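Residue strings, one per chain:
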Amino acid sequence: MATKCGNCGPGYSTPLEAMKGPREEIIYLPCIYRNTGTEAPDYLATVDVDPKSPQYCQVIEPKDIHAKCELAFLHTSHCLASGEVMISSLGDLKGNGKGGFVLLDGETFEVKGTWERPGGAAPLGYDFWYQPRHNVMISTEWAAPNVLRDGFNPADVEAGLYGSHLYVWDWQRHEIVQTLSLKDGLIPLEIRFLHNPDAAQGFVGCALSSTIQRFYKNEGGTWSVEKVIQVPPKKVKGWLLPEMPGLITDILLSLDDRFLYFSNWLHGDLRQYDVSDPQRPRLTGQLFLGGSIVKGGPVQVLEDQELKSQPEPLVVKGKRVAGGPQMIQLSLDGKRLYVTTSLYSAWDKQFYPDLIREGSVMLQVDVDTVKGGLKLNPNFLVDFGKEPLGPALAHELRYPGGDCSSDIWI
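Right, let's walk through the structure included here. Counting restarts for each chain, with residues numbered from 1 along the sequence as it is written. Totals for whole chains, interfaces and linings use all residues, but because this is a predicted model, local features are given only for residues with pLDDT of at least 70 and pairs of side-chain atoms are given and counted only at 80 or more. Only hydrogens and water are removed before side-chain values are computed, so all heavy atoms of the structure are retained for them.

Another aspect to go through is the overall build of the chain. The helix and strand labels rest on DSSP assignments: H or I over at least four residues marks a helix, E over at least two residues marks a strand, and numbering proceeds from the N terminus. Each helix and strand in the chain was counted, giving five helices and 30 strands. Radius of gyration: over C-alpha atoms. The globule rule applied is 2.2 Å multiplied by the number of residues raised to the 0.38 power. The C-alpha radius of gyration of the chain comes to 20 Å, within 12% of the 22 Å expected for a compact globule of 410 residues. Its C-alpha atoms put the chain at 55 × 50 × 45 Å along the principal axes. Three exposure classes are used, based on accessible area relative to the maximum for each residue type with a 1.4 Å probe and protein chains only: buried under 20%, partly exposed in between, and exposed over 50%. Put simply, the chain has 410 residues, and 55% of those count as buried.

Spatial strand order, β17-β16-β22: three strands in an open sheet with antiparallel pairing. Every interior strand has two partners, whereas the edge strands, β17 (243-244) and β22 (300-303), have only one. Pairs of strands are assigned from DSSP output, requiring at least two bridges between the strands. Summarising the sheet, strand β16 (residues 234-237) and β22 pair through three bridges and their orientation is antiparallel. Residue pairing in the sheet places K237 in a bridge with Q300 of β22.

Here we take up the sheet that holds strand β13 (residues 201-206). Here four strands make up an open sheet; going across it, the order is β12-β13-β14-β15 and the pairing antiparallel. Looking at which strands have only one partner, the edges of the open sheet turn out to be β12 (188-193) and β15 (223-230). Put simply, the sheet's adjacent strands are angled 25 degrees from each other on average, direction ignored. Note on geometry: axes are C-alpha line fits, over the in-contact stretch for helices, and angles between N-to-C directions span 0 to 180 degrees.

Counting residues in each nonpolar core, the largest one holds 33 residues, and the members touching the most others are W142, Y162, W265, L266, W347 and F351. Put simply, the parts of the chain that give this core at least two residues each are α2 (145-148), α4 (345-351) and α5 (353-358). Of all the elements, α4 adds the most residues to this core, at three residues. With near-sequence residues (within four places) excluded, L266 lies in contact with W239, M244, P245, G246, L247, G291, S292, I293, F351 and Y352. For this analysis, a nonpolar core means a set of buried residues of the types Ala, Val, Leu, Ile, Met, Phe, Trp, Tyr and Cys, connected via side-chain atoms within 4.5 Å. Residues A122, W169, C206 and W223 belong to the second largest nonpolar core, which totals 27 residues. Whether two residues are in contact is decided by their heavy atoms: any pair within 4.5 Å suffices.

Time to look at the pairing of β12. Within β12, six of the six residues are buried, which leaves it mostly tucked inside the rest of the structure. Bridging between β12 and β13 involves four bridges; their strand directions are antiparallel. The residue bridging I191 from the neighbouring strand is V204, located in β13.

Below, the discussion takes up the pattern of salt bridges. By convention in these notes, a salt bridge is any Lys or Arg side-chain nitrogen within 4 Å of a carboxyl oxygen on Asp or Glu. Counted by the stated rule, this structure contains 26 salt bridges. A salt bridge links R192 to E190; the nearest nitrogen and oxygen atoms lie 3.3 Å apart. There is no split in this pair, since R192 and E190 are both buried. A single network of salt bridges, built from pairs that share partners, joins K234, D269, R271, D304 and E306.

Here E243 shows up in strand β17. On the accessibility criterion, E243 (37% relative accessible area) is partly exposed. Residues E243 and T140, 103 residues apart in the sequence, show an inter-C-alpha distance of 25 Å. Among residues more than four places away in sequence, those in contact with E243 are P233, K234, K235 and V236.

To continue, consider the pairing of β15. For strand β14 (residues 211-217) and β15, the ladder comprises seven bridges, and the chain directions are antiparallel. From the neighbouring strand, R214 faces β15, where its bridge partner is E226. The hairpin turn running from β14 into β15, its antiparallel successor, is five residues long, and G221 in that turn takes a positive phi close to 100 degrees.

Another aspect to go through is the environment of R258. Along the chain, R258 falls in the loop between β18 (248-253) and β19 (259-264). Each C-alpha atom of the pair R258 and Y273 lies 8.4 Å from the other, and the pair is 15 residues apart in sequence. With residues up to four places along the chain from it excluded, the contact list for R258 reads Y273, D274, V275, S276, T369 and V370.

Attention now moves to the state of the cysteines. A pair of cysteine sulfur atoms is labelled a disulfide when the two atoms are within 2.5 Å. Tallying each qualifying case throughout the model produces zero disulfides. Of all cysteine sulfurs, the one in C57 lies closest to C31, which takes part in no disulfide; the gap is 15 Å. Looking at C57, the relative accessible area reads 11%, which means it is buried.

It is worth spelling out the packing of aromatic side chains at this point. Two aromatic rings, drawn from Phe, Tyr or Trp (for Trp, its six-membered ring), form a pair once their centres lie within 6.5 Å of each other, and the interplanar angle then sorts them: stacked below 30 degrees, edge-to-face above 60, tilted otherwise. By the definition in use, this model includes 22 aromatic pairs. Seen from their ring centres, Y33 and Y43 are 5.8 Å apart, and the 35 degrees between their planes marks the pair as tilted. Within this pair, whereas Y33 is found in the loop between β1 (26-32) and β2 (43-48), its partner Y43 is found in strand β2, the two being separated by ten residues in sequence. A single burial state applies to Y33 and to Y43, both of which are buried. The rings of Y126, W142, F152, Y162, W239, W265, Y344, W347, F351 and Y352 are connected pair by pair, giving a single aromatic cluster.

Interpretation note: all reported values are geometric properties and have no functional meaning in isolation.
So this is what it looks like as C-alpha cells:
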C-alpha cells in the first residue's frame with residue numbers, strides 16, 4: 001500500500017473497471033473507546049476477510065490513531081486530484097457548528113489550511129461528495145457538536161438545532177452557491193453522487209426523517225432535490241418517543257450505479273433498492289440485523305405499516321447481536337456487503353446500552369446482483385467485544401485500494 005494519497009490504490013480508469021478488481025482481503029475500521037468507560041486510545045483495526053486465510057474474521061493488526069492535532073470534530077475524508085486530502089468538519093474547537101473543510105498534504109498529512117474561502121464555511125457540516133465534471137460539491141449537515149455529543153434530545157429538534165439543508169459549492173471557487181432546503185429531510189447525513197463521473201445526480205440519506213432524497217442538476221445549472229423513498233415510522237410503546245423512525249445512518253451505491261443500499265439503525269433492517277431509474281427506486285432486498293424492535297425486547301410495536309410481526313433477535317455464531325446495522329461497505333464486484341453496528345458512543349449508550357458493555361460487531365451479507373436480495377453469511381462474525389483492552393465500538397469500513405464510499409472519478 002502506498003503512503004502518498006495521490007498514489008494510493010490500483011487506479012481503475014472507470015467504476016465499471018473497478019468492479020473487475022480482485023476480491024478484498026483486509027478491511028480497516030476505526031475503533032472507539034471514548035465514552036465507553038475504558039481508558040484506552042482509539043485505534044485502527046485491520047480485519048482479515050480472506051476466506052482462504054487462517055486468520056479469517058480476526059483482527060490482525062490494531063494501530064493507535066489517537067489524535068495528534070487540535071482540529072475538532074472531523075468526519076469525511078476524500079483524496080483530491082492534487083494529491084491533497086480533504087476532510088469535512090462538524091464544528092469549531094468550542095463545539096459550535098461550522099461546516100468547513102481541512103486540507104492535508106497528501107505525503108506528510110500536515111495541515112495546509114482550509115479548503116473554503118475565509119469566513120465561507122457552512123453553518124453546519126457532516127459529509128460531502130464532489131463531481132468535478134460539473135464543477136460542484138455538495139455537503140450535508142448533522143448538528144453542532146455541542147448538540148449531539150451527549151445524546152439525542154427531542155427538544156433540540158423542536159428548537160431547530162438539527163440540520164435540514166444541503167449546501168451546493170462551486171468546486172473551483174470554493175464557495176457556496178446554493179442552499180437546498182429539504183422537505184421531510186431532517187438530519188441529512190451520508191451523500192453519494194452516482195459513480196459515473198458524468199452524472200449530475202445522486203442520493204442523500206436523511207436520518208431522522210428516514211427518507212432518501214434524490215438531488216439533481218436542472219437545465220439552467222441550478223440544483224433541486226426530491227424525496228424518492230420514505231421509511232414509515234412505527235408506533236411503539238416502551239421507547240423514547242411514541243413513534244420510532246428508521247434512522248437512516250449510512251447509504252452507498254454499487255459501482256455500476258444499479259443498487260442503492262442503506263441501514264435503518266433503529267428499526268434494524270438493511271435495504272437494497274434497484275435505482276436503475278433514480279426517480280423511482282424499487283425495493284429488492286431487506287434483511288433485519290438486530291435493532292430496537294426485536295421480539296422479547298423492551299419495545300412493543302403498536303402499529304406497523306410494513307411488518308406483520310416484530311423481527312427475531314439476531315444470533316450469529318452463538319452471539320446475540322446488540323445494536324442495529326449502521327456503517328456499510330460493499331465489495332467492488334457488488335456481491336458482499338459488510339456491516340458494523342455502532343453509530344456514535346453517546347448515542348450507542350442511549351439507544352443500545354448493551355453495545356457499551358459488549359462492544360460492536362462486524363457482519364457480512366451476501367448480495368444477489370442479478371435479481372436483487374440479501375442473505376446473512378452465518379459463518380462471518382468479528383466480535384469487537386473480545387478486544388484485548390476491552391469492548392470497542394467499530395465504525396466505518398475501508399479497503400486499502402479504495403471502495404464504493406470513498407472513490408471519486410474525475
